[in-house]
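Analysis of the macromolecular model
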Protein chains: 2
Amino acid sequence: GAGADNDLYINQAIVFIEDAIQYRSINHRVDSKSLWLYRWYYSRTCQWILSLTITVILALAFIEEPSSLTVTSDVRYRLPAWNPPCGLTESLELLCFLVFVVDVSVKSYLIGWKEFWKNKWLMAYILTLIVSLTDWIVSLSFFCKENVRIRRILRPFFLLQNSSMMKKTLKSINSTLPEMASVVLLLAVHLSLFTMFAMLLFARTKDNQQDKEWVVYFRNLPDSLTSLLVLLTTANNPDVMIPAYSKNRAYSIFFILFTVLGNLFLMNLLTAIIYNQFRGYLLKSVQSSLFRRRLGIRAAFEVLSSLKETPASAQQSCVSIGALLQVLQKTEMDCRCKQAIMRSLKMCSCDQLSAAQFQKLFEELDKDAIKQHPPSPEYQSHFMQKMQFAFGHAYFGYLGNVVALANIISICVVLVMDADKQPSERDDFFLGAINCFFILYYLLEMLLKILAMGLKRYLSYPSNRFDGLLTVILLILEIATFAVYGFPHPGWRPEFMGLLSLWDMVRLVNMLIVFRFLRIIPNMKFMALVVTTLLDLVKNLRAFAGILVVVFYAFAITGIMLFKGAVVPLGNTRNSKAEFTGSCVHISLKKKVISWCFAHFQAEVIYCLLYVLSVYLICRWAKIYFVAWWLISSVIWVNLFVALLLENFIHKWDRRCQRESLSDIEYQRTVELMFRDVLEEPTEEELMEKLHQHPHLQLCR
Amino acid sequence: GAGADNDLYINQAIVFIEDAIQYRSINHRVDSKSLWLYRWYYSRTCQWILSLTITVILALAFIEEPSSLTVTSDVRYRLPAWNPPCGLTESLELLCFLVFVVDVSVKSYLIGWKEFWKNKWLMAYILTLIVSLTDWIVSLSFFCKENVRIRRILRPFFLLQNSSMMKKTLKSINSTLPEMASVVLLLAVHLSLFTMFAMLLFARTKDNQQDKEWVVYFRNLPDSLTSLLVLLTTANNPDVMIPAYSKNRAYSIFFILFTVLGNLFLMNLLTAIIYNQFRGYLLKSVQSSLFRRRLGIRAAFEVLSSLKETPASAQQSCVSIGALLQVLQKTEMDCRCKQAIMRSLKMCSCDQLSAAQFQKLFEELDKDAIKQHPPSPEYQSHFMQKMQFAFGHAYFGYLGNVVALANIISICVVLVMDADKQPSERDDFFLGAINCFFILYYLLEMLLKILAMGLKRYLSYPSNRFDGLLTVILLILEIATFAVYGFPHPGWRPEFMGLLSLWDMVRLVNMLIVFRFLRIIPNMKFMALVVTTLLDLVKNLRAFAGILVVVFYAFAITGIMLFKGAVVPLGNTRNSKAEFTGSCVHISLKKKVISWCFAHFQAEVIYCLLYVLSVYLICRWAKIYFVAWWLISSVIWVNLFVALLLENFIHKWDRRCQRESLSDIEYQRTVELMFRDVLEEPTEEELMEKLHQHPHLQLCR
C-alpha cells in the first residue's frame, strides 16, 4: 500500500543520507529487508566486530608455533616461547573464518548478483576463504604438524579488502607499476653492464698481493653482481673500492660513475615517477568522495520526492519539510550537524524544498567545525580580575616554557656530571630537590591557569590538556616517591623498595619532564606548521600504512617459513661457530635478521640487507628474498612516502599565507577542507546519469 | 658629426643584438671606445683566457705542497709526491692574479661608477684580490714556509663570480636558507631531546654485563649525541640498537621512533622545502633570459631608429632595412640564424620596419634548429636499390642489436667460465676467435649502412657516429693484436709483448664491446626518454655543479690545512699502531679520509662520516668539520639535485605525449624550448621602462 511504500522511501532516504555522510557508494539493494540488513551491517557494532576479527587473525602469528615473541631477541639467552596446544589457535582461526564467511555473504547479497560478478575483490575474498578453510582442514588432519601453512600468507588480504582507501591506493600503485618496472629494468641493465665492466677491470692477476679487489668482491659473476647491488644501496660504500683505490686512484672513476648513475640518477628517477603519478592522487580521491556525498544526498532527494503525500507538481520535483524532518530524526549523524540542519530547516519559510535547496541544507556536513572555547569566568573582585589578567596572559605561558627549559638544562647538567659514576656512588639528592621544586611550580602554574581561564576553557586547549595530564602524573609519581623513600636529603640513594628503585623513579620523572617540554611546539610558528603537516600526513597515510602492514606481514611470514629451524643458539654446541661460518644450512641468526627487518623499519632495511648478504653470500634464496624486500619496502615505499609528503607539504605551504589571518580560529583540519577551494562540484546531469545507472533503484521519472 | 653619430648608433645596435643573442644585460657603457672594449672583453679569446686562468689557479692545489696526487692512495706504498720549488706555483699564481686584476678593472669600467657601488659581487671580487695578493706577498717573504694560506680557500670565488648562472643559483639557494635553517633547528631539537631520553634510558646499571649499550654508545653526552647523529645518517643503523634490543625488544621502539621522526619525516621535509622553493626556479630563470633578449633587440631598434638618415615620422619610430643589413653583417651570430633573418628581410616588401616587425625578425633566434638529415644516395641499378632498401631498413639495425647482445652474452659466458682460473691457465683462443668474427660483422654492418645511407646521412645520426667510431677503434685494436700476437689459435696465451699484454688487449676489446652495446638505447622508448631527461638535467645542472665544485674545493683545502701532517705511514714505525689507536694527535689516515671524501661523492659521504666519527670520536674539530660537510654536501646538495630532477622530469613527462607525434624530427632541445609554451612575452611598456632606466643610454624620445 501507499503507507508501506512511504515507509520504504523514508528508509531509503535515511540510508542514502547515511551513505553520503560516510562517503559510501549507494549501489546496494534498496528493498526494506536489505535496507535493514545494510544498516545492521554498517552499524558500529558489526564493523567493530569485523575489525576485531581482522586484528585477531593477524595477531595470531605472534603466538603461533615459530613465533619469537620473547623479551630478549638474543637466541642465546631467551627462553623458549610459549607454544599453544594444537587446536587453540586453530579454533580461534575457524571463528574468524566464520565471521568472514558471514561478511562476504552479506556483502555479496547487498550489492546484488549482477554487481557481484563484476567485483573482483569479492571473488578474491571468496577464493581466499576457500583456500584458507581447505588449508585449515589439512592442518587439523595433520594434527598441526604440517610444514607449510599457505593460509598464513593469505591473512593480510583480509585487512586489505576491508578498506576501500587501501584498495584505491593499491589501484594507484598498480597503475604506476609499468613505469616503475621500466626504471627497474634500466637499473638491471645498468647493473649488468657495470658488472661485466667490473669483471673485466678487476680480473685475476699473477700477483696475488695485487688482486685483493678480485678476491673479495669480484671473484665470479654472482659475487660481482652482489657487490654492485649492495653498492647501489650504499651499504658497502667505500669498502668495495678501497683495494682498487689504493692500487690506483683512477679505479675510483668506475665506482663514482656507477654510484652517480645508479644512486643519484636512476634511484631519484623512481622518486620523480612516483611523485608524478601521485601528484593528483589526493585531489582525485577527495573529488570522488565529494561526488559520492552529493550523489547520496541527491538519491535521498529523489526518493523523498516520490513520496505519495507530495503534491505532484509537473514542473519540478520537490520534498516536503515534514518528510525530511522525519528522515533526519532517524538518521545517525553528528549531533552538531543535525542541529544545524534542523535549525536552518525551521528558518525556511516555504513548505517545499527544491533539489538545490536540499543540497544546500546538507552542505553543513562539509563545513569545518569552528571550535569555540568556552568563555573565561567573570570575577567580581578587582584583585581576582587582576590575577586573571596576569595569569591568563600569553607571557605567563612563556614564563612556563622558560621554567621548563631551565628544568631540562638542570637535568642535562646532572646527567653530564653523573655520566661516569657508578650506580653506588650516585646521589639523587640534588636532582630530587630540584625536580621537587619544579614540579611544585608546574602544579602552581596549572592551578593559576585554571583559576584564570576556568576549568572548561583550560581543558578546551589541547596543549593545556597535554600539560595538565603530565603535571598530574608527575605529581603522583613524586608523592609516591616521597611516600616510599622519604623527602630528599643528602645521600638519598636507598636500595630497591616497592615497585621501582628510587633511581628508576627519578629517571621516569626526568623522562616525563623532557617529554613535557614538547609543550613549546605550538609557540614556535614554523614548528607548529611542520607538526600540523606531519599530523595531516599521518591521517592521509593510513591507507599506505595499511598496505605496508600487509607487505610486512606477508614478508615476515614468508621469511619465517623459509628460514624456519635455521636458528641454532650459537653458544650451545662447541663447533657450531665453525659450522655457522662454513655452511649455508645452519644459517643461524637468520630469523633474528628477519625479526630485525620486521621490527626495525624502512631506513634500516638497507643495513639489514648488507648484513644478510654478507653472511649468506652463497644462499641464493635468501638473496632473492632480501633483494625483493629491499626493493618493495625500502625503495618503493620510501618513495611513495616522499611523494605524499611533497604533495601534502606543498599544498599546506601554498595555503599558509591565507591561513595566517585566521590563525586564532582552530579548524578541524581534514583533507577535504585542505582542497575545498580547488574541488569541482558535480553537475546535475552527472548526478542524474549516475542515479539512473543504479542497479536496484527504479526512479519514477 | 652626423656620420660619427651614425657609426656610434650602428655599433651600439651591433652590441645590443649580440647581448640579446648571449642573454647578456645591456646595462654597460655605450660610447665608441667602451663598445670596442666591451666587444673585445666578450670576444672568444678573452673569455677563453679568463676560463683558462680560473682553471689554472684552481688546478694549482693538485701540485702545491700538501697535495696527495699520487697513483696509489695508500700511505704505506706511495712515493712522496713531487714538490715544486718555492716560487714556481707562486709566479703562476701572480700571473693569474694579474689577469684577474685586468678582468675586474675592465668589468668595473664597463658598468660605470654608479653601478659599481651597487654591485656587491664586484666589490667582493676586488676585496678577494687584495687579500690574495697580500697573502701572496706574506708567503713569498716567508720563502713559502708559512703555515696558513688564506688565499687558497678564497680561490673558488674566482670560479663563482665568473658565472652569472651560478650567482643566480646561489641567490636562490640563499633565499631558501631561512626555511632550511628552521628544519635544521627542528633536527637539532629532535636530536637533543632524544639524546636526553637515551641517556636516561641507557644509564649505567650495577650489572656490568647488562649495560653494553651504555658502554659503547651512550657513555656521556658527546658520545650519545654522536651515536644518534650517526644514526640519523643511518650509517650505524642496527648496530647501535643491538645491545639494547637483545636485552629487551621494547627498546627498539625508541630507535624506531627516532629514525621515523628524524629520517623519514624531518629529512624528507628538507626535500619538500627545497623542491617547493625550486619549483618555479627554472621557469623564472628562462623567463628572465627571454626578457634580456627582448630588451637587447628593442634597444637595438631604438638606437637604429634614431639614425639621422631615417625620415622623422612623427607617429611611429622605425628602422630602415639598409641600416639593419649593415648591422647584421657585422654582428657575430649563428650562421643559420643570420641567413634566415637575411632571407626574411629580403622578402619584406616595405622599406621600413616597425618595432613589432623588428622583434619578429629576431624570433628566428628562439626557434629550434630542425635537423634535416642529408638524403640517401639514389642508385640506378635495381640490385643496388634492393640492397639499399634491405640495409637501410630499421630491421637491419635491430639485427645489429641482436648480434651485439649475442656478443655480450658470449663474453659473459667466457667470463663466468674463466672466473676462477689462474692467469697462466687462461686460453684466449675462444674469445679471440669469437670477437674476431663479431668485429668483422660490425665492420660489415657499418659498411653496408654507409652504402645504403651514404656517408653524410650515416654520420648525421649520433647513434651511427657512436657505433662507427667504436667499430673503427675495435678494428684497429684487433689488427694491432694480430700484428703483435698472430692469429688466434688454441693455446693463444703468449707473454707480455709490446705496449700491452694479449690479455689486456682482449680485456680492452671486451670493454669496448660492452660499451658499444649502449647503442640499443635509442631503440627503447622509455630508455630514450630517461636518457634525454638526464642529458637535459646535466645541462641545467651546470650551475649547481659549479657551486658544488666551489664547496668541494673549499672543504678539501680547509681539510688539508686542518689535518696537515697528521698522516703518518702506518708500517714505518714499530709502535705507530698503538699510538694511532690511542691518541688524537697522530690521526693517521686522516688525509686519506679527506681525499676519500673529496674523490668519492655525495652518496658515499655518509659512510665516510661514520668512518671518521668512529676513528676520531674524541677529536671535536674533525667532528664539526665532517658534520658540516655532511650537512652541506650530502643533505642539502642531494636534495637540490632531487628537486631539479623532479622539476625537469615532470616537465618532460607532461610534454611527452605532445612530442610523440614529432618524434621523427630531432630537435636541439634546450631549456628555453622546453618552456616555450608557458613563457610570457614582456610587454612594450616593461621594455621601454627598463630602457629608460639604462644608466648610460640616453634615448632621444
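Residues numbered from 1 in each chain as written. Chains lettered and ligands numbered in written order. Predicted model: local features only at pLDDT ≥ 70, side-chain atom pairs only at ≥ 80, totals over all residues. Heavy atoms only, no water.

Points about the packing of aromatic side chains
According to the stated counting rule, one finds 51 aromatic pairs over all chains in the structure shown. Centroid distance Tyr441 of chain B to Tyr442 of chain B: 6.4 Å. Interplanar angle 70 degrees. Geometry classified as edge-to-face. Neither residue differs from the other here; Tyr441 of chain B and Tyr442 of chain B are each classed as buried. Sitting over the face of the ring of Tyr442 of chain A, Arg516 of chain A holds its NZ or CZ atom 3.7 Å from the ring centroid. (Phe/Tyr/Trp six-rings, centres within 6.5 Å; stacked < 30°, edge-to-face > 60°. Buried < 20%, exposed > 50% of the residue type's maximum accessible area, 1.4 Å probe, protein only. Lys NZ or Arg CZ within 6 Å of the ring centre and 35° of its normal.)

What to know about unusual backbone geometry
Despite not being glycine, Tyr23 of chain A shows a phi value in the positive range, around 55 degrees. Its location among the elements puts Tyr23 of chain A in the loop between α1 (2-21) and α2 (32-41). (Helix = DSSP H or I, 4+ residues; strand = E, 2+ residues; numbered from the N terminus.)

A look at the pattern of salt bridges
On inspection of all chains with the given rule, the structure shows 28 salt bridges over all chains. With a shortest N-O distance of 3.5 Å, Arg516 of chain A and Glu445 of chain A are connected by a salt bridge. Taken together, the residues Arg516 of chain A in helix α23 (residues 502-516) and Glu445 of chain A in helix α20 (residues 429-453) connect sequence positions 71 residues apart. Judged by its relative accessible area of 1%, Glu445 of chain A falls in the buried class. One salt bridge connects Arg519 of chain B with Glu445 of chain B, and the closest N-O pair in it is separated by 3.2 Å. With a gap of 74 residues between them, Arg519 of chain B in the loop between α23 (502-516) and α24 (525-540) and Glu445 of chain B in helix α20 (residues 429-453) connect regions that are remote in the sequence. A single salt-bridge network, built from bridges that share partners, covers Glu445, Lys449, Asp467, Arg516 and Arg519 of chain A. (Salt bridge = Lys/Arg side-chain N within 4 Å of Asp/Glu carboxyl O.)

Quick notes on the environment of Ser175 of chain A
Among the secondary structure elements, Ser175 of chain A is positioned in helix α9 (residues 164-201). Separated by 102 residues in the primary sequence, Ser175 of chain A and Gln277 of chain A have C-alpha atoms spaced 8.5 Å apart.

Comments concerning the nonpolar core
Of all hydrophobic cores here, the largest spans 279 residues; its most connected members are Phe100 of chain A together with Phe100 of chain B. Excluding residues within four positions of it along the chain, Phe100 of chain B makes contact with Leu50, Thr53, Ile54, Ile57, Tyr125, Leu129 and Phe158 of chain B. (Core = buried A, V, L, I, M, F, W, Y, C linked by side-chain atoms within 4.5 Å. Contact = heavy atoms within 4.5 Å.)

Details of the packing of α9 of chain A against α24 of chain B
At a minimum axis distance of 10 Å, the contact between α9 of chain A and α24 of chain B shows a crossing angle of 75 degrees. As far as their axial angle goes, α24 of chain B and α9 of chain A are roughly perpendicular. Residue-level inspection shows Glu179, Ser182, Val183, Leu186 and Val189 of chain A of α9 of chain A in contact with α24 of chain B, the latter providing Phe526, Met527 and Val530 of chain B. (Axes fitted to C-alpha atoms, helices over the stretch in contact; angles between N-to-C directions. Parallel < 35°, antiparallel > 145°, perpendicular 65-115°, else oblique.)

Overview of a nonpolar patch on the surface
Together, Phe62, Ile63, Trp82 and Leu88 of chain A make up an exposed nonpolar region whose accessible area comes to about 390 Å². Relative to the helices and strands, Phe62 of chain A is located in the loop between α3 (44-59) and α4 (88-111). (Patch = residues over 30% accessible without salt bridge, like charges linked within 9 Å, V, L, I, M, F, W, Y side chains within 5 Å. Areas by Shrake-Rupley, 256 points an atom, 1.4 Å probe, with all protein chains shown as cover.)

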